[in-house]
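Next come the chains, spelled out residue by residue.
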Amino acid sequence: MKMAQVFKCGSIADIINDKQSEDKSPKTSKKKKKLLNKFNEIIEENNNKLVEIKTFVAKDGDEEDVEESDDESERQTNESKKQKTLRERQLKNNEKNERTVFVGNLPQNITIKYLKKLFKNFGQIESIRLRGAVPQEEKIPKKVAVITKKFHASTDNINAYVVFKSSDDVIKALELNGSEIDGHHIRVDRAVHSVTHDSSRSIFVGNLPFVVREDQLYDTFKECGDIEAVRVVRDAKTGVGKGFGFITFKSKDSVVLALEKNEHKLNGRDLRVTRAKNESNRSKPKKERQNRKASDGHSEETVPQKERQFKKNKKSNLKPQFEGILAKKSKRK
């Protein structure tokens, strides 16, 4: 026989106990029945309230998820907008650079009106900018120095950028490269180089005087052949030369004649003239260059490195892996 459960919690326990006994005894009082009905009603009301609370919480959670998803979508849209604007700017700049011509070694007294007259024969000009000015004092802005014509005493040239409305006009404007303006041989070149620099037609000139002009190098090396461009590397703030530069000829044969100018004196200094190295190859790290040499079939250059590594590994193998007390004593002796 199974025993009936008995609860000990006051009046409610008594009602439940009576309910369990009611199942067994068919006769119950009316008062107990009323109490049982009330108790059941209270339980049903509480259960209904719990169901309403759960549904309300679930709805709020869904709304929060929707708000979070909306925030994420807004962030993604903002990021995509920024990326689009950056891409559009890059495309515009690249397209503008293709229509731009760099003009170097201009006299400092040059004006924008003069440059417009000079380049308008090649096509319609969109804008002209003067750059590379070195002010007389560091506090003076470069724009003010261009307007007031107060430049540093160590410099006598300035650069400019001419933007055409069509990229086809850029090729026509390159005809002015090497032309002379007030004793300055100007350099006209593309702002964007699609082709790598040809080092076979260039020379490196070292041990230059710090105060040197590009035209002095023109006069020194013009006997070797037609010069395409002269570049003296300078400090951006002071405009003083760093002691070296590069000269590009129109022909490779001129390089051989220019090398004979080694130890030629310029302003009391012996020039150091050598062939210009390929900048693209020099900028690469050593590992990339070694891999490229190995792929090209230059395996002989890597043989000494392998022999050195083999000797190091051989020495490391001779050393004992475990050094006990006897090994330490022998080392001391």
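Before any of the text, the structure's been laid out above.
Bear in mind the structure is a predicted one, so any value in this text is a computation, not a measurement.

Caption draft 1: Geometry of the sheet that holds strand β1 (residues 100–107). Strand order in the open sheet made by the four strands is β2-β3-β1-β6, with antiparallel pairing throughout. Looking along the sheet, the strands with just one partner apiece sit at the ends: β2 (125–131) and β6 (187–190). Direction aside, the axes of adjacent strands within the sheet are offset by 20 degrees on average. In this sheet, strand β3 (residues 157–164) lies alongside β2 in antiparallel orientation, the contact comprising six bridges. Bridge pairing links Ser 127 to Val 163 in β3. Running at roughly 135 degrees to β2, helix α3 (residues 112–119) makes contact with β1, β2 and β3 of the sheet.

Caption draft 2: Representation of the side chain of Asn 105. For Asn 105, the location among the structural elements is in strand β1. Discounting residues that sit within four places of it in the chain, Asn 105 has contacts with Asn 157, Ile 158, Asn 159, His 184, His 185, Ile 186, Glu 214 and Asp 215.

Caption draft 3: Summary view of the pairing of strand β7 (residues 202–206). With five of five residues buried, β7 lies mostly within the body of the structure. Residues Ser 202, Phe 204 and Gly 206 line one face of β7 and the alternating positions Ile 203 and Val 205 line the opposite face, and both faces are buried. When β7 meets strand β9 (residues 241–249), the two strands line up antiparallel, connected through five bridges. Bridge assignment links Gly 206 to a residue of β9, and that residue is Phe 244. Here β7 runs beside strand β12 (residues 272–275); their pairing, made up of four bridges, is antiparallel. The residue bridging Gly 206 from the neighbouring strand is Arg 272, located in β12.

Caption draft 4: Representation of the side chain of Gln 108 within the structure. Within the secondary structure, Gln 108 is located in the loop between β1 and α3. When near neighbours in sequence (up to four residues on either side) are disregarded, Gln 108 contacts Lys 149, Phe 151, His 152, Thr 155, Asp 156, Asn 157 and Ile 158.

The rules behind each value
- Residues numbered from 1 in each chain as written.
- Predicted model: local features only at pLDDT ≥ 70, side-chain atom pairs only at ≥ 80, totals over all residues.
- Heavy atoms only, no water.
- Pairing = 2+ DSSP bridges.
- Helix = DSSP H or I, 4+ residues; strand = E, 2+ residues; numbered from the N terminus.
- Axes fitted to C-alpha atoms, helices over the stretch in contact; angles between N-to-C directions.
- Contact = heavy atoms within 4.5 Å.
- Buried < 20%, exposed > 50% of the residue type's maximum accessible area, 1.4 Å probe, protein only.

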